[in-house]
Amino acid sequence: MFIGEEYLEEIKSRIDLVEFIARYVDLKPAGRNFKGLCPFHEEKTPSFVVSREKGIFHCFGCGVGGNIFNFVMRIENLTFPEAVLFLAEKCGIDIRTSQVGRATTHALEERERLYRLNEALNRYYMHCLRSGQGEEARARDYLLVKRGIQPETWERFGIGFSPSSGKTSIAFLLREGFSGQEILKAGVGVVTKTGELLDRFRGRITFAFHDVQGRIVGFAGRVLEKGDPKYLNVSDTPVFSKGHYLYGFFATREHLQKTRAAVLVEGYMDFLALFEYGIKNCVASMGTALTRDQAGLLRRYVDEVFISYDSDQAGQMATLRGMTILQEKGLNVRIVLLPAPHDPDSFLRREGKDKFWEILQKSPSLFEYQLELLVKNCGYNSLESKAKIIRGMFPFLVSIKDPIERALKVASLAQKIQIDESFVQRLLSEEGTSIKHEFLPPREDREHGTLKAEKMLLRAMMEDKKWRERIKEALQKEHFSAGEHQRIFQALLNLPEEDSLLVSKLVDIFPGEATLQSLVTEIATREDLQGVCQNDEAVESLVRRVKLATLERKILALRRELSRGEDPIKLRELNKLYRERERLRRIG
């Protein structure tokens, strides 16, 4: 998608970066900037910096940085065009009426058509559920009487019904101006062996999938009578990838953020039952094993997750698969143990919200759950059973990042199965994850003095047009030792002379290059690079240092060449470099 610079700058000018990011991160003033815990990785000491003045953010823990578009892309899991649309909507700019907005690519236009197709189809499905007779009436009875899901909830989450003929919904979409190819691309149509185009979800109650903005991106269908498979999901499309979304998240995000806890269920009906009973800090993993993207989405809004999957064997296995992923993301995990044969939906309808809440409060931790499950299945009286338990617990122990928590868990495991605690610690140590090692402070990579001097000069060029012009006259791209520094220097040179530089604009010069964008924001926000170039003497000193480093590299290269054989031309060049080096040293 091509979007003109004027359009991007208009969006930036209308949205206060600090106020916007504060919706996701608890920010505190820190000098001229603001600081908080990074939403993109687990940390206990704030290293996430936001600069209102420069229009950028940077995390000194994980290295992520950029401007408001980069932040939205990461936090909302959006592409760049989607992030632009998201922010344009927030600040009241209609991309469809904007001159720049009309210059979109075919790919974006295709995505917009698919969004509109899904919205239209959802209206049709909901109309069928509310007004149809026969099988539609049976679907209403199933939802209302058997499941207790009220019409208000149907409306909120886009629950409908697809007639079993499979033809009427297709005819509706064609009348609305969508092509058969678009119907197939949206994943809602299938072609039979006879070449007939039919609705994928025919004869099923339909559930709309929403993205974080509330747009419908796909559907699932549940059979009304007996049938296989019971649930059918849309395949991945240009606007939908199942592993990236959590069902119901668009409607419960504020509740998750407020409570800092999530009840995670497996299916759509379980989620709708919880929501219907007033437990609104809930999401569903959409009937599949939890993915890392889904866990990462939860990590941004909550600190604790209550897993409430089915009580059968399949549900227990799904719980085990999901909990390690959540643990790795730094989330506290607790397991909701419902009595067999209940799932959250059936338990709520039989026992009510208070009983469910009581079990929720007594939920064991992930460690307690997994250990008890292994002890129950293996016993712990024999050496073989103890070995099985240790093997089963080992991945969990390795995934614990807090060294104190891991030490306590190791002690608890050793006590439970009556073994020496040091034995488990030794096993962890052999895997390169010794608890003792975790207490050592991380080794800091020493930054070469020349690299830091280059960053200081780039910082000066970013902050003051005067220094930009002075350094531009004194240095060339080749004086910078790092390729990334050369590219940033060249980008600064290419900016119009009258341009009052905003660092966020510099970020936009490197679209799709996250590493380079993060380097720009690092240079622009590092405290040890701030205010170094306050006078001519300081700038000249840094310029000399960079030039001397360039000469040293050239001298070293020539000496290596001459070591392989004499060359009078190269020898004269080497002597010339020696003289230039001495001249710069005398000035310094």
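Residues numbered from 1 in each chain as written. Predicted model: local features only at pLDDT ≥ 70, side-chain atom pairs only at ≥ 80, totals over all residues. Heavy atoms only, no water.

Participant: What should I look at first to understand the sheet that holds strand β13 (residues 282-284) in this one?
Facilitator: Sheet strands pair via backbone hydrogen bonds, and the direction of the pair is either parallel or antiparallel. Spatially, 4 strands are ordered β13-β12-β14-β15 in an open sheet, and the strand pairing comes out parallel. Strands with a single pairing partner mark the edges of an open sheet, and in this sheet they are β13 and β15 (332-335). Strand-to-strand twist across the sheet, computed as the mean angle between neighbouring axes with direction ignored, equals 25°. Its contacts with the sheet place helix α10 (residues 249-259) against β12 (261-265) and β13, and it is angled at close to 135° to β13. Along the sheet face, helix α11 (residues 268-276) touches β12 and β13 and points at about 165° away from the line of β13. (Pairing = 2+ DSSP bridges. Helix = DSSP H or I, 4+ residues; strand = E, 2+ residues; numbered from the N terminus. Axes fitted to C-alpha atoms, helices over the stretch in contact; angles between N-to-C directions. Contact = heavy atoms within 4.5 Å.)

Participant: What's the story with the environment of E82 in this structure? I'm lost.
Facilitator: Relative to the assigned elements, E82 resides in helix α4 (residues 80-90). Using a relative accessible area of 7% as the deciding quantity, one classes E82 as buried. Taking the C-alpha atoms as reference points, E82 and Q213, 131 residues apart in sequence, are found 9.8 Å from one another. Setting aside chain neighbours within four positions, we find E82 in contact with R111, Y115, Q213 and R215. (Buried < 20%, exposed > 50% of the residue type's maximum accessible area, 1.4 Å probe, protein only.)

Participant: Whenever I open this one, the sheet that holds strand β1 (residues 28-30) confuses me. Can you help?
Facilitator: Strand order in the open sheet made by the 5 strands is β1-β2-β3-β4-β5, with antiparallel pairing throughout. Two strands lie at the open edges of the sheet, namely β1 and β5 (65-66), each paired on one side alone. For β1 and strand β2 (residues 33-36), the ladder comprises 3 bridges, and the chain directions are antiparallel. Bridge pairing links A30 to N33 in β2. Of the strands in this sheet, β3 (48-51), β4 (56-59) and β5 are in contact with helix α25 (residues 514-525), which crosses β4 at around 95°.

Participant: How should I be thinking about the packing of aromatic side chains in this particular structure?
Facilitator: Remark: the centre distance and the inter-plane angle together describe each pair of aromatic rings, the angle taken between the planes. Here the structure, examined in full by the defined rule, presents 31 aromatic pairs. Joined through ring pairs, the aromatic side chains of F157, F207, F209, Y231, F240, Y245, Y247, F250, Y268, F271 and F275 make up one cluster. Looking at R156, its charged tip hangs above the ring of F157, at a distance of 5.9 Å from the centre. A cation sits over an aromatic face here: R215 above Y115, 4.0 Å from the ring centre. (Phe/Tyr/Trp six-rings, centres within 6.5 Å; stacked < 30°, edge-to-face > 60°. Lys NZ or Arg CZ within 6 Å of the ring centre and 35° of its normal.)

Participant: Looking at this model, I keep getting lost on the confidence of the model for the chain. Mind explaining?
Facilitator: Residues shown with low pLDDT carry predicted positions that ought not to be read at fine detail. Per-residue pLDDT for the chain has a mean of 85; in total, 89% of the residues score no lower than 70. Taken together, the stretch residues 97-105 has pLDDT below 50 and engages in 14 contacts with residues farther than four places along the chain or on a different chain. In the predicted structure, residues 433-446 sits below a pLDDT of 50 and forms 17 contacts with residues beyond four places in sequence or in another chain. (pLDDT = per-residue confidence, 0-100.)

Participant: I'm lost on the pattern of salt bridges in this one. Help?
Facilitator: A side chain of one charge can pair with a side chain of the opposite charge if their charged atoms are brought near each other. Under the defined criterion, the tally for this structure stands at 32 salt bridges. In this structure, K362 engages E358 in a salt bridge whose closest nitrogen and oxygen atoms are separated by 3.5 Å. Overall, the relative accessible area of 38% leaves E358 in the partly exposed class. A salt bridge links K570 to E561; the shortest N-O distance between them is 2.6 Å. Residues joined by salt bridges that share partners form a network here, namely K452, K455, E522, R526 and D528. (Salt bridge = Lys/Arg side-chain N within 4 Å of Asp/Glu carboxyl O.)

Participant: For this particular structure, what's the right way to read α4?
Facilitator: Along α4, 8 of the 11 residues are buried, which leaves the element largely enclosed by surrounding structure. Among the residues of α4, P81, E82, A83, V84, L85, F86, L87 and A88 are the ones counted as buried. Trailing α4 by a residue or two, G92 shows a phi angle of about 80°, which is positive.

Participant: What is the right way to look at the nonpolar core in this model?
Facilitator: Side chains of a nonpolar character, in soluble globular proteins, are inclined to be buried together. Grouped together as the largest cluster of nonpolar side chains are 72 residues, with contacts concentrated most on I11, F20, I21, F48 and L326. For this core, the element with the most residues is helix α16 (residues 366-378), which contributes 7 residues. Judged by nonpolar contacts, the second largest core, of 62 residues, contains I149, W154, F240 and I279. (Core = buried A, V, L, I, M, F, W, Y, C linked by side-chain atoms within 4.5 Å.)

Participant: Got a minute to help me understand unusual backbone geometry in this structure?
Facilitator: The phi torsion of most residues other than glycine is negative, and most of the peptide bonds are trans. For the bond from A340 to P341, the omega torsion is 5°, close enough to zero to count as cis. Along the chain, P341 turns up in the loop between β15 and α14 (344-351). Backbone geometry at R260 places phi at a positive 60°, although glycine is not the residue there. Residue classification places R260 among the partly exposed residues on the basis of a relative accessible area of 28%.

Participant: Could you clarify how one ought to interpret α14 in this entry?
Facilitator: Because the α-helix completes a turn every 3.6 residues, residues three or four places apart line up on one side. Buried within α14 are the following residues: P344, D345, S346, F347 and L348. If you follow the buried residues of α14, they end up packed against β12, α11 and α15 (353-361). The positive-phi residue at the C-terminal boundary of α14 is G352, with phi of around 95°.

Participant: What should I look at first to understand the pairing of strand β14 (residues 304-307) in this one?
Facilitator: Working note: regular strand, side chains alternate between the two faces of the sheet. Examined bridge by bridge, β12 and β14 share 4 bridges and lie parallel to one another. Bridge assignment links L264 to a residue of β14, and that residue is I307. Here β14 runs beside β15; their pairing, made up of 4 bridges, is parallel. Across the sheet, residue F306 finds its bridge partner in β15, namely R334.

Participant: Help me understand the packing of helix α17 (residues 383-399) against helix α18 (residues 403-417), please; the structure alone is not making it clear to me.
Facilitator: Each pair of packed helices gets described by two things: the angle between the helix axes and the distance between those axes. At a closest axis distance of 12 Å, the pairing of α17 and α18 adopts a crossing angle of 170°. For the element pair α17 / α18, the angle class is roughly antiparallel. Mapping the contact onto sequence places K386, I389, I390, M393, L397 and V398 in α17 and R406, K409, V410, L413 and I417 in α18. Partitioned by chemical class, the residues of the contact of α17 with α18 number 8 nonpolar, no polar and 3 charged. (Parallel < 35°, antiparallel > 145°, perpendicular 65-115°, else oblique. Nonpolar A, V, L, I, M, F, W, Y, C, P; charged D, E, K, R; others polar.)

Participant: Can you help me understand the environment of N233 in this one?
Facilitator: Within the secondary structure, N233 sits in strand β11 (residues 231-233). Taking the C-alpha atoms as reference, N233 lies 9.3 Å from F207; in sequence the two are 26 residues apart. Those residues in contact with N233 that sit more than four places away from it in its chain are R200, F201, F209, F219, A220, K242, Y268 and M286. At 2.6 Å, the side chain of N233 and the side chain of Y268 are in polar contact. (Polar contact = N/O pair within 3.5 Å; in protein donor to acceptor, adjacent residues only side chain to side chain.)

Participant: Could you clarify how one ought to interpret the packing of helix α21 (residues 449-463) against helix α23 (residues 483-494) in this entry?
Facilitator: As a packed pair, α21 and α23 sit with axes 11 Å apart at the nearest point and diverge in direction by 20°. Of the possible angle classes, the one that applies to α21 and α23 is roughly parallel. Two packed elements cross with a definite hand, and for α21 against α23 that hand is left-handed. Residues L451, E454, K455, L458, M461 and M462 of α21 form the contact with α23, whose own contacting residues are H485, I488, F489, L492 and L493. (Left-handed = near helix turned anticlockwise from the far one by under 90°.)

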